[in-house]
Amino acid sequence: AQTVTQSQPEMSVQEAETVTLSCTYDTSESDYYLFWYKQPPSRQMILVIRQEAYKQQNATENRFSVNFQKAAKSFSLKISDSQLGDAAMYFCASTSGNTGKLIFGQGTTLQVKP
Amino acid sequence: ETGVTQSPTHLIKTRGQQVTLRCSSQSGHNTVSWYQQALGQGPQFIFQYYREEENGRGNFPPRFSGLQFPNYSSELNVNALELDDSALYLCASSLPPSGRAVHEQFFGPGTRLTVL
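Residues numbered from 1 in each chain as written. Chains lettered and ligands numbered in written order. Predicted model: local features only at pLDDT ≥ 70, side-chain atom pairs only at ≥ 80, totals over all residues. Heavy atoms only, no water.

S.K.: Where do I start with the pattern of salt bridges in this structure?
M.R.: One side chain can pair with another of opposite charge once the charged atoms of both are near each other. Overall, the coordinates contain 7 salt bridges over all chains when judged by the stated rule. Between A:E52 and A:R50 there is a salt bridge, and its shortest N-O distance comes to 3.8 Å. Between B:R63 and B:D85 there is a salt bridge; the shortest N-O distance is 2.8 Å. Of this pair, B:R63 sits in the loop between β6 (53-57) and β7 (64-68) while B:D85 is found in the loop between β8 (74-78) and β9 (87-94), placing the two residues 22 residues apart along the sequence. The same class applies to B:R63 as to B:D85, namely buried. Each of B:R63, B:E82 and B:D85 takes part in one network of salt bridges that share partners. (Salt bridge = Lys/Arg side-chain N within 4 Å of Asp/Glu carboxyl O. Helix = DSSP H or I, 4+ residues; strand = E, 2+ residues; numbered from the N terminus. Buried < 20%, exposed > 50% of the residue type's maximum accessible area, 1.4 Å probe, protein only.)

S.K.: Would you explain the packing of aromatic side chains in this entry?
M.R.: The geometry of two aromatic rings is summed up by the distance between their centres and the angle between their planes. In this structure the tally under the stated criterion is 14 aromatic pairs over all chains. Taking 6.3 Å as the distance between ring centres and 20° as the angle between the ring planes, the aromatic pair formed by A:W36 and A:F75 counts as stacked. On the criterion of sequence distance, the pair formed by A:W36 in strand β5 (residues 33-39) and A:F75 in strand β9 (residues 74-79) is long-range, its members being 39 residues apart. Here A:W36 matches A:F75 in class, with each residue buried. A centroid spacing of 6.2 Å and a plane angle of 70° characterise the contact between A:F104 and B:F107, whose relative ring orientation is edge-to-face. Taken together, the residues A:F104 in strand β11 (residues 101-104) and B:F107 in strand β10 (residues 106-107) connect one chain to another. Ring pairing ties together the aromatic residues A:Y33, A:F35, A:Y37, A:F91, A:F104, B:Y35, B:F45 and B:F107, which thus form one cluster. (Phe/Tyr/Trp six-rings, centres within 6.5 Å; stacked < 30°, edge-to-face > 60°.)

Shown next, in the form of structure tokens:
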């Protein structure tokens, strides 16, 4: 069965500093996508960044970047210049099958300290 | 462009009752997926609807059922509610996967269901 594991239930970072959230996954599929989603206390899930597994280049979106290690099945999220608005639950997810359904990890709660 | 909306926001039911949750997809999206998110956990895939047909199902019993309408809106129905059904139910809409491409899923704010 496809699984996504986030081993850090909680992380904290000082405002303006950098933090890295970890994620590992297990899949038997050759084509898949990986995502990081942010879920603030308001509950609306927002896509932060996505990575196509067939692309070797790590995805970057402004202050957010990933370190995608395909052989190690690792997909970490780096947040640079952390802001108070980055405080949220972060979920790592991968696609499964041809429906594009998402398999989520357990989440990491990120606290940003002023 | 209207985002994904869900109704109601909150709902309280008793064990054994039935519930219907509703979702309006984002404009232009014909694929709707439903997820169950227990407190403090990641969402779990329930099922997906595409062109009014179920297009994939997760590990949920048959008392979880759904519908998709011609305007692409969708309903999630849960019969014979159990205490463990208490969760946040998320709806996500997207364009359908095509070939190698998987499109972003846009999530609604969710419906918080409490079963007493």
